[in-house]
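Each chain is listed here by its residues.
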Amino acid sequence: MTDLYKRLGLTYTASADEIKETYRSLAKKYHPDVSTEPNAEDHFIEITEAYEILGNPQKRRRYDLTRFSPSPNLARERKQKIYEEYVRKSQQKARSNARVYSQKKYEKFDHEYFDSVAQYYVPKFLGCFGISIVAILVLTIAGAFLLQFENGAAILFLLMMVVIAAAAYASTMFDIWHDKRQRYRKTGKERSEY
């Protein structure tokens, strides 16, 4: 076992957010799908193995109690062996996971590994919801005005068909824009650069 903090270029005092941000930037640098670095896959597997331990509060706490951690808080000798075995097994699983992650496209890995469902879908939902609210407001205002006329109901019906089609189109375009924005945020590349 080695110093997992050193693999990420951090110290044992690093916060959970620092560990996550550092790992995410290193993963972007070394993921075999996007990296031109020599031995990128090996580096990616090493940093992912470190993050799988340090990014999990329980695994990190147990790792910090072993003699391999730079943390000055060590467990008693009897517990030390138990923690070391736990960390060793966790590292083996982490290394196996890292190999799987290294075979994925970077964009898919980044989305699955870092984005929660809420981070991805809530902005989409809010955008589409906002478009629906605007469509309802337009129809309500137009209805209040058009129903005063003799053929107002027929005109309102036609307007409703147009507004529904426009809202569906706007919602689809917003969804496409959101996906492009997410892709650009993660890779820094426009779609045409793939």
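That block above? That's the structure.
Here the structure is a predicted model, which is why all the values come from computation and not from measurement. (Residues numbered from 1 in each chain as written. Predicted model: local features only at pLDDT ≥ 70, side-chain atom pairs only at ≥ 80, totals over all residues. Heavy atoms only, no water.)

**Focus on the overall build of the chain**
Across its full length, the chain holds eight helices and zero strands. For the chain, the α and β elements follow one another from N to C terminus as α-α-α-α-α-α-α-α. For 194 residues, the compact-globule formula gives about 16 Å, and the C-alpha radius of gyration of the chain, at 26 Å, lies well above that figure. Considered along the principal axes of its C-alpha atoms, the chain spans approximately 90 × 35 × 25 Å. Counting every position in the chain, which comprises 194 residues, the buried fraction comes to 36%. Of all intrachain contacts in the chain linking residues separated by at least 6 positions in sequence, the fraction that spans at least 24 positions is 64%. Taken as a whole, the chain presents about 12,400 Å² of accessible surface, with 58% of it coming from carbon and sulfur. (Helix = DSSP H or I, 4+ residues; strand = E, 2+ residues; numbered from the N terminus. Rg over C-alpha atoms; globule rule 2.2 N^0.38 Å. Buried < 20%, exposed > 50% of the residue type's maximum accessible area, 1.4 Å probe, protein only. Contact = heavy atoms within 4.5 Å. Areas by Shrake-Rupley, 256 points an atom, 1.4 Å probe, with all protein chains shown as cover.)

**Description of the packing of aromatic side chains**
In the structure shown here, the tally under the stated rule is eight aromatic pairs. Within the aromatic cluster, the residues linked to one another by ring pairs are F44, Y101, Y106 and F109. (Phe/Tyr/Trp six-rings, centres within 6.5 Å; stacked < 30°, edge-to-face > 60°.)

**A few points about the pattern of salt bridges**
Scanning all chains against the criterion turns up eight salt bridges. Taking the shortest distance from any N to any O, the salt bridge between R24 and D110 comes out at 3.0 Å. Taken together, the residues span a long stretch of sequence, with R24 in helix α2 (residues 16–30) and D110 in helix α6 (residues 106–114) at a distance of 86 residues. There is no split in this pair, since R24 and D110 are both buried. Each of the salt bridges in this network shares a partner with another, and the network as a whole consists of R7, E49 and R95. (Salt bridge = Lys/Arg side-chain N within 4 Å of Asp/Glu carboxyl O.)

**As for the side chain of S102**
Along the polypeptide, S102 turns up in helix α5 (residues 77–103). One polar contact links the side chain of S102 to the main-chain carbonyl oxygen of R99, over a distance of 2.8 Å. If sequence neighbours within four positions are ignored, S102 has contacts with H31, P32, E41 and F44. (Polar contact = N/O pair within 3.5 Å; in protein donor to acceptor, adjacent residues only side chain to side chain.)

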